Amino acid sequence: MNLSDRVNSIEISGIRQFYNKVRKVDGALSLTLGEPDFNVPSAIKRYMSEALDKNITHYTSNEGLLSLREKISSYLDTFKIHYDPEEICVTVGGSEGLSSVFGAIVNPNDKVLIPSPGYPAYSALTKLYGGCELQYKLKDDFSIDIENLKKLIEEEKPKAIVISYPSNPTGATLSKKNCLELYELLKDKEIFIITDEIYSGIVYEDEYNSLAQFQDLRDKIIYVSGFSKLFSMTGFRLGYVCATSKYIKGIIKYHQYNVSCAHSATQYAVAEGFDEALIESKRYVEEFKKRRDYIIERLQSMGIDTYVPGGAFYVFPCIKKYGMSSQEFCEKFLNQYKVAIVPGDAFSSGGEGFVRISYAYSMEQLKYGMDKLEKFINNHNK
Ligand SMILES: Cc1ncc(COP(=O)(O)O)c(C=O)c1O
């Protein structure tokens, strides 16, 4: 007996595969994972405890607590993105949000455009729902090559495109220019635009650009986000999807049969603790910025070519000049210096020649990791 062709067509993510290798190297420092190392904001802990005392432990409505959807709606307003609470579905992390979106959109053999390099779930979910992935390669600064995208859309007639900024793995944000170009390209096309903005709360620039800000794109946009990164609460599993009512209803059907609803006490805790938690999260962002600046300075002083990311908590330096594949580079570095970073090819072929370093780790760990990387590079250059 065989499992379905769809499940056999995908593998566990390259990030996890590499992480599993790291666990076998005794005493290795891992700079591989994409989860903030801060504690959950104290307000959320407090309201979580209150939720249990009040026995808020039953199902909520499928789309989630109204009080939380109202908070999300006002929060998105601060990014000039407008969704009414009725247009929001609270999900089990961004992951289940993405899964419900792909499940609701993708028919067998539908083509989905996904960024390369990009977060591995987009490709896996496309295949799991029987669709075909079409990768669009990002430029050297990880922006979108509009001419290439235009050609792909005209030739391949994809049903959906995934836009993912601030990006995992590159940390790149969407520039105003690129955002306007995308708007001009997509506004008259019949295409779903799935915009994954789970890192929107972790940006180091004043300006925030998103296709979801254009009111006249509302009948194409599906907006996915969540609290895992913003509130350092990956284990609590809380995310959300926003879309105009004709789409959100279908997405909620999918979500209902997958999970019924997101965890009720967590929904309550985030709804009640939101404002305080948001203030606390600003401190996380300041700390991340210091770490980013530190890593960039160290990489540049080692002579490693690197793009300066405007958001998320990853840097994605280029290692092409060292004459190794990204797998070779990371395995050698791990085995010789006991520090793990993720090979860029874990994020599809467009990530080859790069490595992802997560700086969701303490300054001490980052310093240790950078000292080792410096030794590795100096030895290689000898
Ligand atoms: C770009 C991107 N989207 C979605 C997710 C899923 O997040 P969650 O932990 O909320 O499921 C992640 C997690 O790493 C991510 O990097």
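So, here is what we can say about the structure in this document. (Residues numbered from 1 in each chain as written. Predicted model: local features only at pLDDT ≥ 70, side-chain atom pairs only at ≥ 80, totals over all residues. Heavy atoms only, no water.)

1. Points about the sheet that holds strand β9 (residues 314–315)
Thought 1: A sheet is described by the order of its strands in space; here three strands give the open sequence β9-β12-β11, paired in antiparallel fashion. Whereas interior strands pair on both sides, the edge strands pair on one side only; in this sheet they are β9 and β11 (342–343). (Pairing = 2+ DSSP bridges. Helix = DSSP H or I, 4+ residues; strand = E, 2+ residues; numbered from the N terminus.)

2. Considering the sheet that holds strand β5 (residues 160–163)
Note: strands within a sheet are paired through backbone hydrogen bonds, in either parallel or antiparallel orientation.
Thought 1: If you walk across this open sheet you meet the seven strands as β2-β8-β7-β6-β5-β3-β4, and the pairing is mixed. Of all the strands in the sheet, the pair left with one neighbour each is β2 (88–91) and β4 (132–137). With direction set aside, neighbouring strand axes in the sheet form an average angle of 20°.
Thought 2: As paired strands, strand β3 (residues 111–116) and β5 are joined by two bridges and run parallel to one another. (Axes fitted to C-alpha atoms, helices over the stretch in contact; angles between N-to-C directions.)

3. What to know about the packing of aromatic side chains
Thought 1: If you walk through the whole model with that rule in mind, you get 29 aromatic pairs.
Thought 2: Summarising the aromatic geometry, the rings of Tyr-83 and Tyr-223 are spaced 6.4 Å apart at their centres and angled 35° between planes, so their arrangement reads as tilted. One end of the pair, Tyr-83, is in the loop between α4 (66–77) and β2; the other, Tyr-223, is in strand β7 (residues 221–226), with 140 residues separating them in the sequence. When sorted by exposure, Tyr-83 lands in the same class as Tyr-223, which is buried.
Thought 3: Relative to Phe-376, the ring of Tyr-337 lies with its centre 5.7 Å away and its plane at 65°, an arrangement referred to as edge-to-face. Taken together, the residues span a long stretch of sequence, with Tyr-337 in helix α11 (residues 326–337) and Phe-376 in helix α12 (residues 363–381) at a distance of 39 residues.
Thought 4: The exposure class assigned to Tyr-337 is buried, which follows from its relative accessible area of 13%.
Thought 5: Each residue in the set Phe-38, Tyr-199, Tyr-284, Phe-288, Phe-313, Tyr-314 and Tyr-359 is aromatic and connected to the rest through ring pairs, giving one cluster. (Phe/Tyr/Trp six-rings, centres within 6.5 Å; stacked < 30°, edge-to-face > 60°. Buried < 20%, exposed > 50% of the residue type's maximum accessible area, 1.4 Å probe, protein only.)

4. A look at the nonpolar core
Note on soluble globular proteins: their nonpolar side chains tend to be buried together.
Thought 1: In this structure, Leu-211, Phe-227 and Phe-231 are the most contacted members of the largest nonpolar core, which totals 67 residues.
Thought 2: When residues in this core are grouped by element, the largest group, eight residues, is from helix α10 (residues 264–301).
Thought 3: Listed in part, the 46 residues of the second largest apolar core include Met-324, Leu-334, Ile-341 and Met-370. (Core = buried A, V, L, I, M, F, W, Y, C linked by side-chain atoms within 4.5 Å.)

5. Comments concerning empty space enclosed by the protein
Thought 1: All chains considered together, the criterion is met by two cavities of 30 Å³ or more.
Thought 2: Taken as a whole, the largest cavity encloses approximately 50 Å³ of empty space.
Thought 3: If you go around the largest cavity, the residues you meet are Pro-115, Pro-117, Gly-118, Leu-138, Phe-142, Ser-164, Tyr-165, Ser-167, Asn-168 and Thr-170.
Thought 4: Split into classes, the residues belonging to the lining of the largest cavity amount to five nonpolar, five polar and no charged.
Thought 5: Along the lines of polarity and charge, the residues of the lining of the second largest cavity split into five nonpolar, two polar and two charged. (1 Å grid on protein atoms, 1.4 Å probe; cavity = no way out; pocket = protein on both sides within 12 Å on 5 of 7 lines; lining within 4 Å. Points joined across faces, edges and corners; volume = space filled by probe spheres on them. Nonpolar A, V, L, I, M, F, W, Y, C, P; charged D, E, K, R; others polar.)

6. Let's talk about the pairing of strand β12 (residues 355–358)
Thought 1: By the alternation rule, side chains of β12 split into Val-355 and Ile-357 and Arg-356 and Ser-358, which are all buried.
Thought 2: Bridge count between β9 and β12: two bridges; the pairing is antiparallel. Residue pairing across strands places Val-315 opposite Ile-357, the latter belonging to β12.
Thought 3: As defined by bridge partners, β11 adjoins β12 across two bridges and the pair is classed as antiparallel. The residue bridging Pro-343 from the neighbouring strand is Val-355, located in β12.

7. A look at the layout of surface pockets
Thought 1: Of the volumes computed, that of the largest pocket is approximately 1300 Å³.
Thought 2: Elements represented by at least two residues in the lining of the largest pocket include exactly α2 (14–23), α5 (93–105), β3, α6 (121–128) and β4.
Thought 3: With seven residues, α2 is the single largest residue contributor to the lining of the largest pocket.
Thought 4: Composition of the lining of the largest pocket by domain shows at least three residues from each of domain 1 (5–39 + 280–376) and domain 2 (42–276).
Thought 5: There is about 400 Å³ of room inside the second largest pocket.
Thought 6: What lines the second largest pocket is a set of 18 residues, among which Phe-79, Ser-200, Val-203, Asp-206 and Lys-282 lie closest to the centre.
Thought 7: Take the lining of the second largest pocket: its biggest share by element is four residues, from α10.
Thought 8: Partitioning the lining of the second largest pocket into residue classes produces eight nonpolar, five polar and five charged.
Thought 9: Lining the lining of the second largest pocket are residues from two domains, each supplying at least three of them: domain 1 (5–39 + 280–376) and domain 2 (42–276). (Domains from an automatic or database assignment.)

8. Notes on α12
Thought 1: Between its terminal C-alpha atoms α12 stretches 26 Å, which fits the 27 Å expected from 19 residues at 1.5 Å a residue.
Thought 2: Listed in full, the buried residues belonging to α12 are Leu-366, Gly-369, Met-370, Leu-373, Phe-376 and Ile-377. Projected onto a plane normal to the axis of α12, the buried residues spread over an arc of 120° and lie on a single side.
Thought 3: The inward-facing, buried residues of α12 abut β1 (29–30), α10, α11, β10 (339–340) and β12. (Expected span 1.5 Å × (residues − 1). Arc of directions from axis to C-beta. Contact = heavy atoms within 4.5 Å.)

9. Focus on the environment of Lys-157
Thought 1: With respect to the helices and strands, Lys-157 occurs in the loop between α7 (146–156) and β5.
Thought 2: On the basis of relative accessible area, Lys-157 is assigned to the exposed category, the value being 62%.
Thought 3: Sequence-wise, Lys-157 and Tyr-59 are 98 residues apart; in three dimensions their C-alpha atoms are separated by 40 Å.
Thought 4: A polar contact of 2.5 Å, which involves the side chain of Lys-157, links it to the backbone oxygen of Glu-154. (Polar contact = N/O pair within 3.5 Å; in protein donor to acceptor, adjacent residues only side chain to side chain.)

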